[in-house]
Amino acid sequence: MPAPSLPPGLPREANGQDMSDLLSLDRAAFPDDPMRNSTLRQLLDMYADHLLVIEDDDGHLCAYVLATPPYKGESWIFSLGVAPARRGKGLARTLMTQALETVRAEGASTVRLWVEPGNDPARALYESLGFTPDPEGPHADHFGPGAHRLGMTLKL
Ligand SMILES: CC(C)(COP(=O)(O)OP(=O)(O)OC[C@H]1O[C@@H](n2cnc3c(N)ncnc32)[C@H](O)[C@@H]1OP(=O)(O)O)[C@@H](O)C(=O)NCCC(=O)NCCS
């Protein structure tokens, strides 16, 4: 009989040792558009203390978010991903809530992000946290040909 599944842990800051796990997690969360190894490494170098991760009961990472340090009062949610098997358990909400608290304490008054217009789970999460969609609607080809994105803003 398989061991019972334990609840994942609390968010912690990432570190250089998380590179391999983060790559796997990002590929699982974004199978059609994963980050390049070099991009993830440089994000870890620059923003490890703003990259929050959650470890699963097996010690591997199952969720992450990167909220950039505020610049001129504005932070960006650069990426948010949860392993498919761990979705629907509140992990993304936990990460987003902690990330927003961090950047608010650091002086952010605005948080921005881009989301695929048809990504209903992500949009529902962001709206429930108070983000509002840009009134002009999605930007065509914003992330490249065919990759339309909707901007969303939260005023803290
Ligand atoms: C979007 C994503 C991060 C949500 O992660 P999650 O851990 O499953 O989300 P949570 O369990 O914390 O749910 C938070 C809220 O998201 C929304 N949500 C989550 N799954 C949903 C679904 N299948 N349908 C509709 N809304 C959903 C709900 O508003 C939910 O709040 P509620 O539970 O109070 O109703 C996850 O589905 C994911 O990693 N998707 C692929 C990567 C991605 O799209 N990232 C966002 C890029 S902008």
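Scope of this entry: the structure provided in the associated data block. (Residues numbered from 1 in each chain as written. Predicted model: local features only at pLDDT ≥ 70, side-chain atom pairs only at ≥ 80, totals over all residues. Heavy atoms only, no water.)

1. A look at the packing of helix H1 (residues 19–29) against helix H2 (residues 37–47)
Relative to each other, H1 and H2 sit at 125°, their axes nearing to 10 Å. If you check the angle between H1 and H2, you find them oblique. Of the two elements, H1 crosses H2, and the hand of that crossing is right-handed. Along the contact surface, H1 presents Met19, Leu22, Leu23 and Arg27, while H2 presents Asn37, Leu40, Arg41 and Leu44. Residue composition of the contact of H1 with H2, by class: five nonpolar, one polar and two charged. (Axes fitted to C-alpha atoms, helices over the stretch in contact; angles between N-to-C directions. Helix = DSSP H or I, 4+ residues; strand = E, 2+ residues; numbered from the N terminus. Parallel < 35°, antiparallel > 145°, perpendicular 65-115°, else oblique. Left-handed = near helix turned anticlockwise from the far one by under 90°. Contact = heavy atoms within 4.5 Å. Nonpolar A, V, L, I, M, F, W, Y, C, P; charged D, E, K, R; others polar.)

2. As for the packing of aromatic side chains
Taken as a whole, this structure holds two aromatic pairs when the rule is applied. Cation over ring: Arg112 sits above Trp114, and NZ or CZ is 5.4 Å from the ring centre. (Phe/Tyr/Trp six-rings, centres within 6.5 Å; stacked < 30°, edge-to-face > 60°. Lys NZ or Arg CZ within 6 Å of the ring centre and 35° of its normal.)

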